[in-house]
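Structural characterization, general
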Amino acid sequence: MMTGKHLIAGEWIAGASTFTSEPAHGPASDYAQGSRTHVDAAAEKAEQAFWSYGYSSAETRAGFLTAIADEIEARGAALTDIGCRETGLPEARLNGERGRTTGQLRLFASHILDGAYLDRRHDVALPDRSPMPRPDIKMVARPVGPVAVFGASNFPLAFSTAGGDTASALAAGCPVVVKGHPAHPGTAEIVAQAIEAAIKSCGVHPGVFSLIQSNSRDAGEALVTHPLIQAVGFTGSLGAGRALFNLCAARPTPIPFYGELGSINPVFLLPHALSARGSQIAQGWAASLTMGAGQFCTNPGVVVALKGDDAEGFAKVASEALAGVAAQTMLTDGIAASYRSGREAVAASAGVDELLAASCEGRNAAPYLYRVSAKDWLDSRVLAEEVFGPLGIIVEAQDFDEMKAVALNLHGQLTCTLQMEDADLAQATQLMPILERKAGRILANGFPTGVEVSEAMVHGGPYPASTNFGATSVGTLAIRRFLRPVSYQNMPDALLPLELR
């Protein structure tokens with residue numbers, strides 16, 4: 001049963017005011033509006049929980065993560081039903097995302113059991129070393145404390161209440177306070193119910209998790225500025241993320257803000273690949289561009305090719321493929337409005353040629369396709385910015401040097417892709433050092449939509465793709481965001497953390 005309330009350390013709590021959800025279809029519902037009072041209560045309970053949960057065994061935390069996954073699966077039908085109604089995403093997408101969510105939880109449960117994430121080090125004492133003896137020094141990674149997590153609009157499960165940020169923080173030993181996204185408050189509440197059930201079955205401190213619902217900035221600002229919060233995980237827009245990042249930096253004691261803020265994810269079509277597989281690549285790009293109405297942070301919004309007959313053929317096939325894609329429902333009315341305004345800004349830019357027009361009304365989005373010269377692209381600030389939705393831009397370079405100039409002038413990206421054949425290796429070799437500096441993930445002959453949750457995955461990149469280029473929000477390396485190294489010098493074994501004894 002839905003309560004419409006916040007879950008704060010095991011108690012369902014109403015608010016003095018409410019907000020109304022805006023589902024894609026079906027009836028709207030009222031949810032408690034989060035306040036600074038709710039944030040204070042959740043943060044204080046999280047701090048209390050840290051003194052036990054932060055020092056619990058890996059086995060205890062792994063069991064808790066597994067229990068959350070089990071409880072989410074037990075609520076699978078209910079989550080799919082309300083998730084589809086709130087977001088407009090299809091049933092198959094929600095079912096798949098639920099599997100990714102429970103898979104992440106179980107992956108982190110397994111990851112912490114072998115202890116490698118602790119990065120344990122030991123410098124044995126050298127009392128006879130000359131000219132100075134060396135003390136005994138041990139090091140291990142320790143949890144940072146309570147963490148704030150912001151739910152994402154485009155992933156109601158995998159990047160929200162019990163998503164990757166929450167899973168990695170809980171695995172590290174950090175209690176979590178989640179600020180739910182107003183696009184899917186009902187989905188968030190059912191996941192919170194699953195976590196509450198896991199808390200009870202595992203006997204962990206209830207302050208280890210709280211969910212605060214809100215459709216305003218107040219709760220989020222209160223959360224990132226609360227003195228007990230020690231780190232923040234965020235997935236969302238550049239504007240909102242930068243505002244929260246600035247608040248974290250301006251605190252009397254600044255804290256890390258791990259924001260994943262989007263990307264245009266450029267695809268570089270090298271000439272032999274374009275000649276040999278241009279039509280195939282164009283069809284694959286169109287499918288990737290329109291997947292989920294283009295509402296993926298890894299959506300490949302820009303293709304870079306050398307001007308000529310092959311590029312002309314690519315544009316023709318891409319236009320035809322995109323024209324066959326029907327309008328899709330976007331996650332919120334606000335996202336749909338932003339898509340339309342982004343399209344208008346692109347269309348009004350100097351030198352832009354519209355290859356495919358469409359009509360978007362209400363909450364629907366249809367594909368658009370534009371073409372521009374590399375020179376005009378390089379002169380434009382607007383064309384290098386993400387348009388969240390199924391809009392593509394083909395950038396045509398006069399020669400390979402101009403293609404390299406496009407790469408050199410990219411902002412930080414989550415991904416960059418090379419479409420190449422063996423005969424393109426020399427040019428690809430020249431691009432690789434540039435792309436390594438620009439992106440967190442580089443692909444060959446694929447498309448970036450679809451992020452594998454694994455040991456080697458990096459989902460992050462230089463700013464503005466993310467606010468910390470040394471971190472990832474996907475994969476087991478994500479746990480390092482919520483740990484810090486501590487050294488112990490000449491410490492008696494009885495005082496060492498259990499992981500070092």
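An account of the accompanying structure is given in this report. Note that the structure is predicted; figures quoted are calculated from it, not measured. (Residues numbered from 1 in each chain as written. Predicted model: local features only at pLDDT ≥ 70, side-chain atom pairs only at ≥ 80, totals over all residues. Heavy atoms only, no water.)

**Observations regarding the sheet that holds strand 13 (residues 302-306)**
Short version of the rule: A pair of strands is labelled paired if DSSP reports no fewer than 2 bridges between them. Working definition: helices are DSSP H or I runs of at least four residues, strands are E runs of at least two. Numbering for both runs from the N terminus. Note on geometry: axes are lines fitted to C-alpha atoms, helical ones only across the stretch in contact, with angles between N-to-C directions running from 0 to 180 degrees. Should any heavy atoms of two residues lie within 4.5 Å, those residues are considered in contact.
With respect to topology, seven strands assemble into an open sheet ordered 15-17-18-13-12-19-20, the strand pairing being mixed. At either end of the open sheet lies a strand with only one pairing partner, and these are strand 15 (353-356) and strand 20 (439-444). Strand-to-strand twist of the sheet, defined as the mean angle between neighbouring strand axes without regard to direction, takes the value 20 degrees. Those strands touched by helix 11 (residues 333-347) are strand 15, strand 17 (368-373) and strand 18 (391-397), and its axis lies near 30 degrees from that of strand 17. Sheet strands touched by helix 14 (residues 425-438): strand 12 (267-269), strand 19 (413-419) and strand 20. Its angle to strand 20, the strand with the most contacts, is close to 150 degrees.

**Topic: helix 4 (residues 91-113)**
To be explicit about the condition: A helix is expected to span 1.5 Å for every residue after the first. Three labels apply to residues, based on accessible area from a 1.4 Å probe with only protein chains included: buried if under 20% of the type maximum, exposed if over 50%, partly exposed otherwise in between.
For helix 4, which comprises 23 residues, the first-to-last C-alpha distance of 34 Å matches the rise-based estimate of 33 Å (1.5 Å per residue) to within 8%. If you check which residues of helix 4 are buried, you get Arg93, Leu94, Glu97, Arg98, Thr101, Thr102, Gln104, Leu105, Phe108, Ala109, His111 and Ile112. Here the buried face of helix 4 lies against helix 2 (58-74), helix 3 (76-87) and helix 5 (164-172). Where helix 4 ends, the next residue or the one after it, Gly115, has phi of about 80 degrees, a positive value.

**With respect to helix 1 (residues 36-53)**
What counts is decided by this rule: When we speak of the arc, we mean the arc of directions from the helix axis to the C-beta atoms.
In a regular helix each residue adds 1.5 Å, so 18 residues correspond to 26 Å; helix 1 covers 25 Å between its end C-alpha atoms and thus fits that length. Of the positions making up helix 1, those classed as buried are His38, Val39, Ala42, Ala43, Ala46, Ala49, Phe50 and Tyr53. Angular distribution of buried residues about the axis of helix 1 spans 125 degrees; they occupy a single face of the element. For helix 1, the exposed residues set more than 90 degrees away from the buried face come down to Thr37 and Trp51.

**Here we look at the pattern of salt bridges**
Side chains that differ in sign of charge can pair as their charged atoms come close. Our working definition: Salt bridges are counted wherever a side-chain nitrogen of Lys or Arg sits within 4 Å of a carboxyl oxygen of Asp or Glu.
Under the defined criterion, the tally for this structure stands at 19 salt bridges. Between Glu396 and Lys307 there is a salt bridge whose closest N-O contact spans 3.5 Å. Separated by 89 residues along the polypeptide, Glu396 in strand 18 and Lys307 in the loop between strand 13 and helix 10 (309-323) bring together distant segments of the chain. Notably, a salt bridge pairs Lys375 with Asp379, separated by 3.4 Å at the nearest N-O pair. Of this pair, Lys375 and Asp379 are both found in helix 12 (residues 374-379), four residues apart, which corresponds to roughly one turn of the helix. Across the pair, Asp379 and Lys375 agree in class, each one exposed. Through salt bridges with shared partners, a single ionic network connects Lys307, Glu312, Asp353, Arg371 and Glu396.

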